[in-house]
Each structure stands twice: as C-alpha cells, then as structure tokens.
Amino acid sequence: MRGILLAGAVAAFGALTAFCEPSAFSVRQVFSPERFTRGDTTMRAIQDADRAAWIRPPKANEGFFRFRKDFESDGSPLRFDVTADERFVLLLDGRTVASGPHRGLVDHWYYQSYEVTGLSAGAHRLEALVWRIGWAEPLAQLSWNFGFLLKAEGAYDAMLTTGKAEWKVGRLVNTRMTKKASMRMFGVGSCCEVKGTSFLDEEPSDWSVAKTVRGPCTKVYAGLVAQGWMLFPTILHDMMFER
C-alpha cells in the first residue's frame, strides 16, 4: 500500500511540475490580412476567429477570472487567434505570452494572432486572466458583454478552441475594484485592490465549466446579424515589455 501511495504521489508531482518547468518555446505575433470593410461580419464565418465561440463564467457578468485548459502537444507549432471583453492576459505554462485586446469598437473588435514554436511534446497548460470591471471601467474602455475567445489551428483546434474544447473558469477573490467615486468622475476608472499576490499567480478556490455567451458565426440566409462583437484582425504590433 505504501508503495502504491508513493507511486501516486510521484505521478502527481510529475504532472504538477510539467507545467512549472521553464520552457524553451518562443512566441511571435503574426498578422492576418487586413479587412477594410465590415461587410457581413457576424452573419457568416469570414475568418478563422469567427468559427470560435465566446465563453464566460456561468454565473457572473463582471469581475476577475482565470480560464484554464490543459492539453497535449505533439511538438508542432501552435497558432491561434485570441481576444476578450474587456481585457485579458494569456499565459502558456505560467509564462505570459500575450495581453490585450487592442482598443477598438464593439462593431470593430480586434483580435490578435500568435505562433508558438519549440513547444515540447507532452502536457501543457494554457490560461487566460480575463476581467470585466463594469461600473469601474475608464471611459475609454468599451464593452458589450463579458467574454473570452480563442481559435486554434490544425491539431490544436479541437483541444483549445473555445466552443469546441471544455475550458474551466474560476473567480479571483483577492482582486477587486474599490468604489472610489472621485476617481470615476475623471473618467479614468476606479482603483484595484489586490491582496496577497499578483492576480497572475492567484489560484481560484472553485472551478466551473465556462459557458457559451455567443456561438460561432453561421450562415444566416435572412440577412440577420449576430449581436455584439464584430471581429477584425489587429493591424498593430503589441507593446514591448522589458524587465
């Protein structure tokens, strides 16, 4: 019995450290062809990102949340589109690889695209810290609904694409907005209070299966448009972060 328990503990520790060890993968931003007109966006799938669903926590419309998806890589490059409402930080194996989205309008909502190379074969973890702060948002922040979208290509499509893959989500309870009315008056938003640790490292105490807030675009013969986000590929390079 002791041998069985020890073997189980070793296996669990190995699974945990697989997501914590430094990885030699590299990430670069890639660009989809620019679109100059809205056309029939949200009436049918025009670009790959339109084939993913928008997901959100099952019982919340604002707050700070951590989305998580574990997956198995065969070592091939991982390419994906990603966006959120209002903001996101994307982590791969604990390493920040993207943040956004770039500023836009609800009917001209930007997504960003990336390619990850050098990903080792085996277990990996993709996470997104997503928040929608509602009443506390600065006036420059537009929003339609709380949502997160990721569309992966190739073999990773079924494993990672929102609406196809099952993502878990949990609320971050140590990060919250404080009601500073004087700050809101100037249109810059309110104050954020973080207890104990950075919200990038905070682990939710409870996880749920994320629900779909809007499904993939499908062809509509009546000419009706889906409400909400009209996706456009970004034309901007990401901001540079240096330590």
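Anything mentioned here points back to the structure above.
Nothing here was measured: the structure is a model prediction, and the numbers come from that model.

So, about the pairing of strand 7 (residues 109-117). Extensive coverage of strand 7 is indicated by the burial of 8 of its 9 residues. The pairing of strand 4 (residues 78-85) with strand 7 spans 5 bridges and is classified as antiparallel. Residue pairing in the sheet places D81 in a bridge with S113 of strand 7. Sheet analysis places strand 7 next to strand 15 (residues 231-233), joined by 3 bridges and oriented parallel. Of the residues in strand 15, the one forming a bridge with Y110 is F232.

Moving on, we come to the sheet that holds strand 13 (residues 208-209). Taking strand neighbours across the sheet as the criterion, the 6 strands line up as 6-5-8-3-10-13 in an open arrangement whose pairing is antiparallel. Among the strands making up the open sheet, the edge pair consists of strand 6 (95-100) and strand 13.

Next up on the list: the side chain of T175. With respect to the helices and strands, T175 occurs in strand 11 (residues 175-178). A distance of 3.4 Å separates polar atoms of two side chains, one belonging to T175 and the other to E202.

With an omega dihedral of 15°, the bond running from D85 to E86 counts as a cis peptide bond. Mapped onto the fold, E86 is located in the loop between strand 4 and strand 5 (87-92). Note that the residue after G100, namely P101, is joined by a cis bond; omega there is 0°. Looking at the element boundaries, P101 is found in the loop between strand 6 and strand 7. Residues other than glycine seldom take positive phi values, yet T42 does so here, at roughly 75°. Examined against the element boundaries, T42 turns out to sit in the loop between strand 1 (26-30) and strand 2 (54-56). Given the relative accessible area of 3%, T42 is considered buried. Unusually for a residue other than glycine, D93 sits at a positive phi of about 55°.

A few words now on the nonpolar core. Core analysis: the largest hydrophobic core is formed by 31 residues, its most contacted members being F67, L78, F80, L90, F148 and L150. Sorting the residues of this core by element identifies strand 3 (63-73), strand 4, strand 5, strand 6, strand 7, strand 8 (122-132) and strand 9 (147-152) as the ones contributing at least two each. No other element matches strand 4, which puts 4 residues into this core. Residues within four places of L78 in sequence aside, it is in contact with F71, Y114, E115, V116, L119, A152, Y156 and L160. Counting 10 residues, the second largest nonpolar core, distinct from the first, contains F64, L91, A136 and L172.

The next point concerns the pattern of salt bridges. A full pass over the atoms with the stated rule returns 11 salt bridges. For R66, the salt bridge identified is with E127, shortest N-O distance 2.8 Å. Residue R66 is found in strand 3, and its partner E127 is found in strand 8; the two are separated by 61 residues along the sequence. By relative accessible area, R66 is classed as buried at 4%. The shortest N-O distance in the salt bridge between K164 and D157 comes to 2.5 Å. What you see here is one network of salt bridges that share partners, running through R66, R68, E127 and E203.

What counts, and where the lines are drawn
- Residues numbered from 1 in each chain as written.
- Predicted model: local features only at pLDDT ≥ 70, side-chain atom pairs only at ≥ 80, totals over all residues.
- Heavy atoms only, no water.
- Buried < 20%, exposed > 50% of the residue type's maximum accessible area, 1.4 Å probe, protein only.
- Helix = DSSP H or I, 4+ residues; strand = E, 2+ residues; numbered from the N terminus.
- Pairing = 2+ DSSP bridges.
- Polar contact = N/O pair within 3.5 Å; in protein donor to acceptor, adjacent residues only side chain to side chain.
- Core = buried A, V, L, I, M, F, W, Y, C linked by side-chain atoms within 4.5 Å.
- Contact = heavy atoms within 4.5 Å.
- Salt bridge = Lys/Arg side-chain N within 4 Å of Asp/Glu carboxyl O.

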